[in-house]
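Next come the chains, spelled out residue by residue.
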Amino acid sequence: MSFAPLPAFYEKNARRYGHAHHGKWEMTPIETYTCTNCGASDRERLYALWMDQEIEKGRFSPGMSAIHFAPEAPLSRKLSRFGLFDYKTADLWMRGVDFKADMMDLPFEDQRFDFFVCSHVLEHVPNDDQAIKELYRITRCGGCGILMAPIVVGLAKTVENPGATNEADRWRLYGQNDHVRLYAHNDYTNKIRSHGFHLEELGVQHFGEEAFHRLGLKRTSILYVVSK
Ligand SMILES: [Zn+2]
């Protein structure tokens, strides 16, 4: 596999606005961010690896229903190709998705889905507790999901300031102009568990050094898998 770096404009803006945590995330390797073959980001490559392994183990079976929020195109192609799922997509703003959906008020009945992918969405949502509550509600008992957000290694406390609404403040605090917080690891995991999900954190011990190297992943990468 060959990889292309994270677009330089993130670092440029981090410097310009004085963001202190650029490049210190658990995932998002600057040099090996995008797969030059299929366009998948490092996190999508990790999700695909996990999915392949779990399908092998029999965790998923044909006909299960899946929902992919803010669907990344490369991962979306892979998920729909599996043929295991009644596969749907949802987003508040994207065109071409199956459902226009606000994470804080999802248009689905209780326990509608066996599986969800919600990756790099929560850091955009004003009330992330409400969003996690909704994800829990729509997940079937026995179901699971990939629930990911940018997390800074070693950050003691989640950075969140509702008063920071302009671009410069958001670049400075969170490293991106459309984010509303930057998570610390323990705050993130505690928050998820507080809404009832069981949470697994799968890192290099789970997947192995060789797989991490092959996929161009940072050693600190963690896959967060929730289940109900
Ligand atoms: Zn690829």
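Structure first, text after, so check above.
Residues numbered from 1 in each chain as written. Predicted model: local features only at pLDDT ≥ 70, side-chain atom pairs only at ≥ 80, totals over all residues.

A. Expanded view of the overall build of the protein. Scanning the protein from terminus to terminus reveals eight helices and 11 strands. Over its C-alpha trace the protein gives a radius of gyration of 17 Å, about what one expects of a compact globule, namely 17 Å for 228 residues. Across the 228 residues that make up the protein, the buried fraction comes to 36%. (Helix = DSSP H or I, 4+ residues; strand = E, 2+ residues; numbered from the N terminus. Rg over C-alpha atoms; globule rule 2.2 N^0.38 Å. Buried ≥ 20, exposed ≤ 12 C-beta atoms within 10 Å, placed from the backbone.)

B. Highlighting the sheet that holds strand β3 (residues 64–69). The mixed open sheet is built from seven strands, whose spatial order is β5-β4-β3-β6-β7-β11-β10. The sheet is open, and its two borders are formed by β5 (99–100) and β10 (198–202), each paired with just one other strand. Two elements, strand β6 (residues 113–119) and strand β7 (residues 139–148), share six bridges in a ladder whose sense is parallel. Note on β7: the bridge partner recorded for C118 is L147. Against the sheet, helix α4 (residues 128–138) touches β6 and β7, its axis set at about 140° to β7. (Pairing = 2+ DSSP bridges. Contact = placed C-beta atoms within 7 Å. Axes fitted to C-alpha atoms, helices over the stretch in contact; angles between N-to-C directions.)

C. Up close: the environment of P74. Relative to the elements of secondary structure, P74 occurs in helix α3 (residues 73–82). The sequence separation of P74 and E31 amounts to 43 residues, and the corresponding C-alpha distance is 19 Å. Ignoring any residue separated from it by four or fewer positions in sequence, one finds P74 in contact with C38, G39, A40 and E44.

D. Local environment of the packing of helix α2 (residues 42–57) against α3. As a packed pair, α2 and α3 sit with axes 10 Å apart at the nearest point and diverge in direction by 15°. By the angle between their directions, the pair α2 and α3 is classed as roughly parallel. Along this stretch, α2 crosses α3, giving a crossing that reads as right-handed. Here E44, Y47, A48 and I55 of α2 come into contact with α3, specifically with P74, L75, K78 and F82. Tallied by class, the residues present in the contact of α2 with α3 amount to six nonpolar, no polar and two charged. (Parallel < 35°, antiparallel > 145°, perpendicular 65-115°, else oblique. Left-handed = near helix turned anticlockwise from the far one by under 90°. Nonpolar A, V, L, I, M, F, W, Y, C, P; charged D, E, K, R; others polar.)

E. Spotlight on the environment of V180. Its location among the elements puts V180 in the loop between α5 (167–174) and β9 (183–184). C-beta crowding within 10 Å serves as the criterion here: with 20 such atoms nearby, V180 is assigned to the buried category. As for V180 and R170, which are separated by 10 residues in sequence, their C-alpha atoms are 7.1 Å apart. Leave out the neighbours within four places in its chain, and V180 touches E123, H124, P126 and E160.

F. Broad picture of the nonpolar core. F69, F116, I146 and L147 are the most contacted members of the largest nonpolar core, which totals 51 residues. Of all the elements, β6 adds the most residues to this core, at five residues. (Core = buried A, V, L, I, M, F, W, Y, C linked by C-beta atoms within 7 Å.)

G. Molecular detail of the pairing of strand β4 (residues 85–91). Two elements, β3 and β4, share six bridges in a ladder whose sense is parallel. Paired with H68 across the two strands is T89, which belongs to β4. Since β3 and β4 lie parallel, the crossover through α3 that links them has a hand, and here it is right-handed. Where β4 and β5 come together, two bridges link them in parallel fashion. Within β5, the residue paired with D91 across the bridge is K100. (Right-handed = clockwise from strand over helix to strand, strands pointing away.)

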